[in-house]
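# Overview (structure and organization)
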Amino acid sequence: MQHVARMSACRGAMAQQLNQLAPSCSSSLFTNPFRIQSVRSFSPSLHVVACRRSSIRCSSSSHSGDSEKPAVGFLGLGIMGTAMATNLIRAGYNVSVWNRNPSKCEPLISQGASGGASPADIASQCNITFAMLADPAAALEVASGKGGVIHGLGPCKGYVDVSTVDGETSKTISGLVKATGASFLEAPVSGSKKPAEDGTLIFLTAGDKQLYEQAAPLLDIMGKSRFYLGEVGNGAAMKLIVNMIMGSMMASFSEGLVLGNKIGLDPNTIVEVISQGAISAPMFSMKGPSMVNKKFSPAFPLKHQQKDLRLALQLAEAVSQSVPVAASANELYKVAKCKGLGDQDFSAVIEAIISK
Ligand SMILES: NC(=O)C1=CN([C@@H]2O[C@H](COP(=O)(O)OP(=O)(O)OC[C@H]3O[C@@H](n4cnc5c(N)ncnc54)[C@H](OP(=O)(O)O)[C@@H]3O)[C@@H](O)[C@H]2O)C=CC1
Ligand SMILES: O=CCCC(=O)O
């Protein structure tokens, strides 16, 4: 992990140097919103064609006076936000935190973070503010409700929303943020509680390219790779497609375990057989043993997986695309939610199948 962190730091510094050399330009890299730029495939040639909007080029001094590091805000300290903010604190950043339920700020404050009275308060103190919130309603509330982020934002500030929301919500937040003169990046993540703790998330970003570059050293502390996908909405769409596939895979895996068990096969052996074949996936190997033991300690809460399937179905509906497998999986997650399993891990969807 230290190795990953060191490599990320080097990549960030290298990108920064190259960006200082970057000419003002237009490039086909930016005309195709789906062109991918990832840390794993970092190459100087990708960065030297980076366009920079000088109008939002600002100094990044922190409130502690450390001009090397921006002051960072973090809003939303659930399973993911707590782990991500912790990594920023451990990397030596001045981090200010806020959570709706303030008790979740305490462990971070005891590690050196500052607290804030509201999202606006945090945004006004910080250069870059991250938000990791439950769903579109929460993301909108924190961005623009009473005491919301936009009341503390302004020119030279950046807002990075890493929550999983739909593209329309993200575009609405982007518009509100940009109206203050601040810049906006959507950056939902692939990876769950453990990758968040280990700093190995995958960021799916879209929006202001300069903010992407400014936030890169922070993303590289929290993650192992990052993709820049162009216009706001593309990061959200990528995330929803990944989670649509994941939700269907988990439902199908659950069906196999339940059927196999019913006809007398050892479910642990099913997990082992799958792990050695072409359909092996880390998710099956990680979740299988605890599912067999009916242990659903939440890493990715089931209610969020159902939200993501719902948003993916809306995305498909908007372009008249049939997604019958995902639609069917969504029904199972709805049943599981009705059975009171919303706060359990999403692998608890197996309980919706067992009762059928
Ligand atoms: N867990 C995972 O594996 C992953 C989750 N995600 C996504 O990340 C986001 C967060 O997930 P996770 O950390 O697991 O979720 P949690 O349920 O653990 O945390 C949700 C956070 O949102 C806050 N929140 C909810 N509603 C509101 C509101 N109306 N106003 C202000 N704050 C609100 C909660 O505050 P409070 O504490 O006060 O309730 C909490 O801080 C979700 O969009 C999820 O889909 C993405 C990748 C992986
Ligand atoms: O949104 C949650 C994703 C969980 C994962 O990628 O393992």
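Analysis parameters
- Residues numbered from 1 in each chain as written.
- Chains lettered and ligands numbered in written order.
- Predicted model: local features only at pLDDT ≥ 70, side-chain atom pairs only at ≥ 80, totals over all residues.
- Near = placed C-beta within 6 Å.
- Helix = DSSP H or I, 4+ residues; strand = E, 2+ residues; numbered from the N terminus.
- Nonpolar A, V, L, I, M, F, W, Y, C, P; charged D, E, K, R; others polar.
- Domains from an automatic or database assignment.
- pLDDT = per-residue confidence, 0-100.
- Contact = placed C-beta atoms within 7 Å.
- UniProt positions renumbered as here; feature names shortened; annotations may be inferred.

## Examining the site of ligand 1
Taken together, 26 residues sit near ligand 1, with G78, R100, A138, S192 and F300 positioned nearest. The set of elements that each furnish at least two residues to the shell around ligand 1 consists of α3 (79-90) and α6 (136-144). When its residues are assigned to classes, the shell around ligand 1 shows 12 nonpolar, 9 polar and 5 charged. When residues of the shell around ligand 1 are sorted by domain, at least three fall in each of domain 1 (2-232) and domain 2 (238-354).

## Focus: the confidence of the model for the protein chain
Atomic detail in the predicted coordinates should be set aside for any region of low pLDDT. When pLDDT is averaged along the protein chain, the result is 86, and 81% of the positions lie at 70 or above. A low-confidence stretch, residues 1-57 (pLDDT under 50), is modelled with 66 contacts involving residues beyond four sequence positions or located in other chains. Reported confidences for the modelled complex are a pTM of 0.86 and an ipTM of 0.99.

## Things to note about the site of ligand 2
In the vicinity of ligand 2, the residues found are T164, S190, G191, S192, N243 and F300. Residue composition of the shell around ligand 2, grouped by class: 1 nonpolar, 5 polar and no charged.

## Observations regarding the UniProt feature "domain: 6-phosphogluconate dehydrogenase NADP-binding" (unreviewed entry) in the protein chain
Cross-referencing UniProt, the feature "domain: 6-phosphogluconate dehydrogenase NADP-binding" (unreviewed entry) maps to residues 72-230 in the present numbering. For residues 72-230, the end-to-end C-alpha separation is 24 Å, with 40% helix and 23% strand making up the annotated structure.

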